[in-house]
Amino acid sequence: QVQLVESGGGLVQAGGSLRLSCAASGRTFSSATMGWSRHAPGKDREFVAADRWIGSYTYYADSVKGRFTISRDTAKNTVYLQMSSLKPEGTAVYYCGAMYGSNWYMDFRKYNYWGQGTQVTVSS
């Protein structure tokens, strides 16, 4: 089992920045691909970013590429999502996920574990 706890959400003006954190416990963190997805009101849940467990590869949705950065601190069992140049359409609940044993890094449905989410609201 893996427990994931997100933090760092809040209200920010368009153009601003936020950093989300996700603390992981339980199963080995270093062998997990860690990712973020989001669910906006009235829209389908979508993949945001992923950090592959090996090789330092990262993946991003086109909508956030160049503005969001995913990273991890293995010593702290924590993954981060640095969000810059935020847009109102970025308003959503953001979820942290962990994946083991799959290469479908950009398919949030393949992740084994998810946190409870943290709300991000971007005002125009």
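Calculation criteria
Residues numbered from 1 in each chain as written. Predicted model: local features only at pLDDT ≥ 70, side-chain atom pairs only at ≥ 80, totals over all residues. Heavy atoms only, no water. Salt bridge = Lys/Arg side-chain N within 4 Å of Asp/Glu carboxyl O. Helix = DSSP H or I, 4+ residues; strand = E, 2+ residues; numbered from the N terminus. Contact = heavy atoms within 4.5 Å. Phe/Tyr/Trp six-rings, centres within 6.5 Å; stacked < 30°, edge-to-face > 60°. Buried < 20%, exposed > 50% of the residue type's maximum accessible area, 1.4 Å probe, protein only. Lys NZ or Arg CZ within 6 Å of the ring centre and 35° of its normal. Core = buried A, V, L, I, M, F, W, Y, C linked by side-chain atoms within 4.5 Å. Pairing = 2+ DSSP bridges.

(A) Structural detail: the pattern of salt bridges. A full pass over the atoms with the stated rule returns four salt bridges. With a shortest N-O distance of 2.5 Å, D51 and R72 are connected by a salt bridge. One end of the pair, D51, is in strand 5 (residues 46–51); the other, R72, is in strand 7 (residues 68–73), with 21 residues separating them in the sequence.

(B) A look at the side chain of S21. Within the secondary structure layout, S21 lies in strand 3 (residues 18–26). Those residues in contact with S21, other than ones at most four positions away along the chain, are V5, E6, S7, W36, T78, V79 and Y80.

(C) View of the packing of aromatic side chains. For the coordinates displayed, the defined rule picks out three aromatic pairs. Where Y100 meets Y113, the ring centres are 6.2 Å apart and the plane angle is 85°; that geometry is what we call edge-to-face. With Y100 in the loop between strand 9 (92–99) and strand 10 (113–114) and Y113 in strand 10, this residue pair connects regions lying 13 residues apart in the sequence. Each member of the pair, Y100 together with Y113, is buried. Note that R45 overlies the ring of W114, its terminal NZ or CZ placed 4.5 Å from the centroid. Sitting over the face of the ring of F29, R72 holds its NZ or CZ atom 5.0 Å from the ring centroid.

(D) A look at the nonpolar core. By size, the foremost hydrophobic cluster in this structure holds 37 residues, and its most contacted members are L4, W36, L81, M83 and Y94. Of the residues forming this core, the biggest block, five residues, is contributed by strand 9. Not counting residues within four places of it along the chain, the set of residues in contact with L81 comprises L18, R19, L20, W36, V48, A49, F68, T69, I70 and Y94.

(E) A look at unusual backbone geometry. A positive phi is found at N77, a non-glycine position, where the angle reads about 50°. Position of N77 relative to the elements: it lies in the loop between strand 7 and strand 8 (78–83). Its relative accessible area of 28% is what places N77 among the partly exposed residues. Look at S85: it is not a glycine, yet its phi comes out positive at around 50°. What makes S85 partly exposed here is its relative accessible area of 41%.

(F) Layout of the pairing of strand 11 (residues 118–123). The two faces of strand 11 differ: T118, V120 and V122 on one face are buried, but Q119, T121 and S123 on the other face are not. Of the pairings in the sheet, the one linking strand 9 to strand 11 comprises three bridges and is antiparallel in character. If you follow A92 over to strand 11, its bridge partner there is V120.

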